[in-house]
Amino acid sequence: MVVPGTGATIAEAVRSGARTARQVVEQYLEVAERLNPELNAFVEIDRAGALERADAVDAGLRAGSPAGPLCGVPIALKDLIDHAGHVTTAGSAFYRHPATASATVVRRLEAAGAIIIGRTGLHEFAFGFSSENPWFGPVRNPWDRDLSPGGSSGGSAAAVAAGMSPVAIGTDTGGSVRVPAALCGVVGLKVTHGAVPLTGVFPVAGSLDTVGPMTRTVGDARLLYDAMKGIDPADPRSARAPDSPDRVPRLQDLRVGVPAGWLSAVPTSAATRRSFDRFCDRLRGSGAHVERVEAPGLVPDPTYFAVVGGEMAGVHREWFNDPDKPYGPDLEVRLGTAMEVTIDDYTEAMHRRAAQRQAAGEAFRSHDLLLTPTVGHSRKTIGNDTIDVDGEPYFYRDVLNGYSSLVNLTGCPAIALPTTDPGAPPPSVQFLAPWWGENVLLGVGEELEQAGLLGTGLAVPSIG
């Protein structure tokens, strides 16, 4: 499916000479500058740098240089990722890193012709799911300014949903790409751990961290993923995808498992369940084989915090008790708990994590993909730490990351996709694939777009 204003159509227009990169960038800068005071999606809009880069792309095309696959495409970059000449804040009160070198993903995107137009807001140190930042202010959801866009990559999701940038980059440690994608009605790809290098990305928890695209269409997610992926000698956790065949099943041949225990364990609203069931029925109607499976090992448990907390404590220990390096109230409490994670806690958590990875592998033996909702409920009010699920208040993180954090523990890839059901934002579903199955996720997503089963590219909220 080709949608006007996507990265794919922009690149084609710039390559063909129908538009210049400067014209494209000026258009998006105008929208970003007009809407940002209301949405707070960007912490920095780099007009001068973006236009300079656009002019360089145009000059290269006039000189006959090869046009990259992202030629002239504006990109919003999460303020956790180094970009030479800019300061990385990680959404914190005190961390200020003047980057002298760009992160590997930024260098690869720019080599493909992309143009970074600004840096987007996030949850403090990317350790949360609301993007209600005590130092920079809350990022607001384009669908409803009183709602959170999710986190931690909330600014990137809001920028794409509002048309401030056609595509964006986020990071995902426990759902930080997929949760805001769901709450803002866009596509979010969480890659296999190690598929995209983390060099130049401020760490949350290195064994869980990933970098991924946030876009309006699945095709754009593929463009960005293809540009960023691949081994980087500077990142020992990065790896090259195996050479095994990566066949994309036709929808008529697709075997999809719905983990029943997982769905029953996450606080999920009746409206979300009904929408999810309707999507499953539509998927069956397309010819796919969709069935409930037990998969008892695939359920959320406290393992996630012991892993992420133990690793994050290692990052922040030198600062945590320094009065000149303040943390916001929410993060101060969570980091205080993280500092108490013992080596025995961490070792036990890694043991349980291995069991969850094994359970995922067993589920994939008989299914091409697994399918869940992306979040238990998609509306989180700014300033409220609970989400009402059919009259019952739940702590918001339990509702928003119940379907996402387990994926990071297994290391496998997943994609969040908006459906065609009505909603503001529309409901979102999450597909999981076996390790290194990004091409399967993207290929199936593209088929679902063609079949009209997704709301990609169309559900952009009305901005006043």
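Figured I'd write up the structure that's included with this text.

Conventions used here
Within every chain, residues take consecutive numbers counted from 1 along the sequence as written. Where totals are concerned, whole chains, interfaces and linings use all residues; where local detail is concerned, this predicted model gives features only for residues with pLDDT of at least 70, and gives and counts side-chain atom pairs only at 80 or more. Only hydrogens and water are set aside when side-chain values are computed; all heavy atoms of the structure are taken into account. Here the rule is simple: two strands pair whenever DSSP picks up at least two bridges between them. Helix numbers and strand numbers start at the N terminus; a helix is a DSSP run of H or I with at least 4 residues, a strand a run of E with at least 2. Fitting a line to C-alpha atoms yields each axis, with helices limited to the stretch in contact; the angle taken between N-to-C directions then spans 0 to 180 degrees. What a helix is expected to span follows from its residue count: subtract one and scale by 1.5 Å. Burial classes: relative accessible area under 20% of the type maximum marks a residue as buried, over 50% as exposed, and values in between as partly exposed (1.4 Å probe, protein chains only). For the purposes of this section, nonpolar cores are sets of buried Ala, Val, Leu, Ile, Met, Phe, Trp, Tyr and Cys residues that join through side-chain atoms within 4.5 Å. A contact between two residues is defined here by any heavy atoms of the two lying within 4.5 Å. The salt bridge definition used is simple: a Lys or Arg side-chain nitrogen within 4 Å of an Asp or Glu carboxyl oxygen. Across the chain, bend at a residue is computed as the angle between axes fitted to the seven residues ending at that point and the seven starting from it.

1. Observations regarding the sheet that holds strand 12 (residues 289–293)
(1) Moving on: With mixed pairing, the 11 strands of this open sheet are ordered in space as 1-5-2-8-10-9-16-17-13-11-12. Edge positions in the open sheet fall to strand 1 (42–45) and strand 12, since each of these has one partner strand only. The average undirected angle you get between the axes of adjacent strands in this sheet is 25 degrees.
(2) Moving on: As paired strands, strand 9 (residues 187–190) and strand 10 (residues 210–215) are joined by two bridges and run antiparallel to one another. Bridge pairing links Val 187 to Thr 215 in strand 10.

2. Thoughts on helix 12 (residues 343–365)
(1) Moving on: In this model, helix 12 (23 residues) spans 33 Å end to end at C-alpha, consistent with the 33 Å of a helix rising 1.5 Å per residue.
(2) Moving on: Within helix 12, burial applies to Ala 349, Arg 353, Gln 356, Ala 359, Ala 360, Ala 363 and Phe 364.

3. Considerations on the nonpolar core
(1) Moving on: If you look at the biggest cluster of nonpolar residues, it comprises 133 residues, and the most contacted ones within it are Phe 125, Met 164, Leu 283, Leu 371, Phe 431 and Leu 448.
(2) Moving on: When residues in this core are grouped by element, the largest group, nine residues, is from helix 2 (residues 21–39).
(3) Moving on: In contact with Phe 431, not counting residues within four places along its chain, are Val 256, Phe 279, Leu 283, Leu 369, Leu 370, Leu 371, Pro 413, Ala 414, Ile 415, Leu 417, Leu 441 and Leu 448.
(4) Moving on: Among the nonpolar cores identified, the runner-up in size contains 10 residues, and Val 179, Leu 183, Val 375 and Tyr 396 belong to it.

4. Quick notes on the pattern of salt bridges
Oppositely charged side chains can pair when the atoms bearing their charge come close.
(1) Moving on: Tallied over the full model, the rule gives 22 salt bridges.
(2) Moving on: A salt bridge links Arg 15 to Glu 12; the nearest nitrogen and oxygen atoms lie 3.3 Å apart. Residue Arg 15 and its partner Glu 12 are located together in helix 1 (residues 7–16), separated by three residues, close to a single helical turn.
(3) Moving on: Residue class for Arg 15 comes out partly exposed when judged on its relative accessible area of 36%.
(4) Moving on: For the salt bridge of Asp 277 with Arg 292, the shortest nitrogen-to-oxygen distance reads 3.5 Å. Within this pair, whereas Asp 277 is found in helix 9 (residues 270–285), its partner Arg 292 is found in strand 12, the two being separated by 15 residues in sequence.
(5) Moving on: Arg 292 sits in the partly exposed class, given a relative accessible area of 48%.
(6) Moving on: Among the ionic contacts, a cluster of salt bridges with common partners joins Arg 22, Glu 26 and Asp 55.

5. Here we look at helix 2
(1) Moving on: Counted at 1.5 Å a residue, the expected span for helix 2 with its 19 residues is 27 Å, and the 25 Å between its end C-alpha atoms agrees.
(2) Moving on: The largest bend in helix 2 amounts to roughly 30 degrees and is located at Glu 33, with the proline Pro 37 lying one to four residues further along.
(3) Moving on: Looking at helix 2, one finds that the buried residues are Ala 21, Val 24, Val 25, Tyr 28, Leu 29, Val 31, Ala 32, Leu 35, Asn 36 and Leu 39.
(4) Moving on: Against the buried residues of helix 2 lie helix 1, strand 1, helix 3 (47–62), strand 2 (74–78), strand 5 (115–120) and strand 7 (137–138).
(5) Moving on: One or two residues past the end of helix 2 sits Asn 40, with phi positive at roughly 55 degrees.

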